[in-house]
Amino acid sequence: MQLGIIGLGRMGGNIARRLMRKDHTTVVYDRSKDTVAALVKEGATGADDLKDFVAKLDKPRAIWVMLPAGAPTEDTINQLAAMLDADDAIIDGGNSFYKDDIRRAKALAEKKIHYVDVGTSGGVWGLERGYCMMIGGDTPVFERLEPLFDTLAPGIGTIDRTPGLGTANARAERGYIHAGPAGSGHFVKMVHNGIEYGLMQAYAEGFDILKNKNSTALPEDQRFDLNMTDIAEVWRRGSVVSSWLLDLTALALAGDPELSKYSGDVADSGEGRWTIDAAVEQAVPVPVLATSLFARFRSREQHTYADKLLSAMRFGFGGHVEIPQ
């Protein structure tokens, strides 16, 4: 199957590579000509601009937009809408706000262009591990594009199957779901990222307590000089709190126990804020998620070991680099 991909950054380029490894074909475009050229060498068809990109796609076209949320995505989709034909499909695989998805789907439907929103998790590891995808859009277009999603997903792999799940959840087992109509995919991903904030904060605060157990403010016989690297590693082995985030924590600590290359200035990408907004709209109490978001705000004023660990985890799964001050 053919897919056009716009935006070849940390995830877009690897989405193209994963598809090509499984005999799908790709047409790619990015403002960086060098990035396009690199993928062309790997088998992709490159495009010089959006007009050239659209012309090289077979009808009905399928286009995956992998750009930062906001103006870059909005402007690109608007430009595409003026070039596409009825029954073509635009997929937003970035981290757009779900209400923007609902609006875009309605506007594109007037031109009989399909719109699909894909909440995509997997970060810089997706090429090898696959991408967990939460997908919103009309059922017929989802089913038409499903071979792409099935290829990009992790598959069942080595994860133990859930007892009693049955065959009705086969897609979820393989790592993707059709969540519902337009907007639902990004809504589920938004809450996923809100939860991610809370989990990361819990690890960060716990390790901060461990790190500071040798504080001079404590009685001398109560001070422990604990090995953060060993603790992260042993918790990976059969512990109730084991997870991929803990794996990334252990990886970071093994290479740099003091996390010296991180300032602890922790950014937030937007989904955490949107999750709290949704909780307020629905009157759902989310004290852990809200506090984890506010902790990131605080990190930009006072840096702790916990903040550095958050930065290390964000770099580990997403390649997120701290914003220079």
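For the structure, check the block above.
Focus: the overall build of the chain
Now for step 1: From N to C terminus, the chain includes 14 helices and eight strands.
Now for step 2: On C-alpha atoms alone, the chain measures out to a radius of gyration of 21 Å, which is about the 20 Å that the 2.2 N^0.38 rule sets for 325 residues.
Now for step 3: Principal axes of the C-alpha set define a box for the chain whose edges measure 75 × 45 × 45 Å.
Now for step 4: By the burial criterion, 47% of the 325 residues in the chain qualify as buried.
Now for step 5: Sequence separation of at least 24 residues holds for 68% of the intrachain contacts in the chain that already meet a minimum separation of 6.
Now for step 6: As displayed, the chain has an accessible area near 16200 Å², and 56% of this comes from carbon and sulfur atoms.

Here we look at the pattern of salt bridges
Now for step 1: According to the stated counting rule, one finds 23 salt bridges in the structure shown.
Now for step 2: Where Lys56 meets Asp52, a salt bridge forms, and the shortest distance between an N and an O atom there is 3.1 Å.
Now for step 3: For Asp268, the salt bridge goes to Arg273, with nearest N and O atoms at 2.6 Å.
Now for step 4: Three or more residues joined by partner-sharing salt bridges are found here, namely Glu74, Asp92, Asp100, Asp101, Arg103 and Arg104.

Some details on the packing of helix 9 (residues 184–211) against helix 12 (residues 271–282)
The packing of two helices is summarised by the inter-axis angle and the distance between the axes.
Now for step 1: At their nearest, the axes of helix 9 and helix 12 sit 8 Å apart, and the two run at 105 degrees to each other. By the angle class used here, helix 9 and helix 12 are roughly perpendicular. Across the interface between the two elements, Phe187, Met190, Val191, Asn193, Gly194 and Tyr197 of helix 9 pack against Glu271, Gly272, Trp274, Thr275, Ala278 and Gln282 of helix 12.
Now for step 2: Class assignment of the residues belonging to the contact of helix 9 with helix 12 gives a composition of six nonpolar, five polar and one charged.

A few points about helix 13 (residues 287–299)
Now for step 1: With 13 residues, helix 13 ought to run about 18 Å at 1.5 Å a step, and its terminal C-alpha atoms sit 18 Å apart, in line with that.
Now for step 2: Burial in helix 13 covers these residues: Leu289, Ala290, Ser292, Leu293, Ala295, Arg296 and Ser299.
Now for step 3: Check the buried side of helix 13 and you find it contacts helix 9, helix 12 and helix 14 (305–318).

So, the environment of Phe149
Now for step 1: If you trace the backbone, Phe149 turns up in helix 7 (residues 139–152).
Now for step 2: A relative accessible area of 0% means that Phe149 is categorised as buried.
Now for step 3: Along the chain, Phe149 and Ile135 lie 14 residues apart, while their C-alpha atoms are 9.1 Å from each other.
Now for step 4: Sequence-distant contacts of Phe149, defined by excluding residues within four places in its chain, comprise Trp64, Val116, Val118, Met133, Ile135, Phe142 and Tyr176.

Focus on the nonpolar core
Now for step 1: Core analysis: the biggest nonpolar cluster contains 30 residues, and Ile5, Trp64, Met133, Leu145 and Phe149 have the highest contact counts within it.
Now for step 2: Elements that contribute at least two residues to this core include exactly strand 1 (2–6), helix 1 (12–21), helix 2 (33–41), strand 4 (62–65), strand 5 (89–92), strand 6 (114–121), strand 7 (132–136) and helix 7.
Now for step 3: The greatest single-element share of this core, amounting to six residues, is contributed by helix 7.
Now for step 4: Those residues in contact with Ile5 that sit more than four places away from it in its chain are Gly12, Ile15, Ala16, Leu19, Thr26, Val27, Val28, Tyr29, Phe53 and Trp64.
Now for step 5: Among the nonpolar cores identified, the runner-up in size contains 24 residues, and Met228, Leu246, Val266 and Tyr305 belong to it.

Some words on the pairing of strand 2 (residues 25–29)
Now for step 1: The element strand 2 is largely enclosed, with a buried count of four among its five residues.
Now for step 2: Here strand 2 pairs with strand 3 (residues 45–46) via two bridges, running parallel. Bridge assignment links Val27 to a residue of strand 3, and that residue is Thr45.

So, how was this worked out
- Once a new chain begins, its residue numbering starts again from 1 and follows that chain's sequence as written.
- Side-chain atom pairs in this predicted model are given and counted only at pLDDT of 80 or more, local residue features only at pLDDT of at least 70, and totals for whole chains, interfaces and linings cover all residues.
- Only heavy atoms go into the side-chain values, all of them from the structure, while hydrogens and water stay out.
- Only DSSP runs of H or I reaching four residues or more are called helices, and only runs of E reaching two or more are called strands; each is numbered from the N terminus.
- With the radius of gyration taken over C-alpha atoms, the globule rule is written as 2.2 Å times the number of residues to the power 0.38.
- A simple rule labels every residue: compare its accessible area, found with a 1.4 Å probe on the protein chains alone, to the largest value its type can have, and call it buried under 20%, exposed over 50%, or partly exposed in between.
- Here a residue-residue contact requires only that any non-hydrogen atoms of the pair lie within 4.5 Å.
- In these tables, accessible area is a Shrake-Rupley quantity obtained with a 1.4 Å probe, and a residue counts as shielded only by the protein chains included in the view.
- Salt bridges, as used here, are contacts in which a Lys or Arg side-chain nitrogen is within 4 Å of a carboxyl oxygen on Asp or Glu.
- Comment: axis = line fitted to C-alpha atoms, over the contacting stretch for helices; angle = value between 0 and 180 degrees taken between N-to-C directions.
- The labels follow the angle: roughly parallel below 35 degrees, roughly antiparallel above 145, roughly perpendicular from 65 to 115, and oblique for the rest.
- Think of it as three bins: nonpolar holds Ala, Val, Leu, Ile, Met, Phe, Trp, Tyr, Cys and Pro, charged holds Asp, Glu, Lys and Arg, and polar takes everything else, Gly as well.
- In this scheme, a helix's expected span is set at 1.5 Å multiplied by one less than its residue total.
- Side-chain atoms within 4.5 Å are what join buried Ala, Val, Leu, Ile, Met, Phe, Trp, Tyr and Cys residues into a set we call a nonpolar core.
- Here, strands pair whenever DSSP counts at least two bridges between them.

On their own, these measurements won't tell you what the molecule is for.
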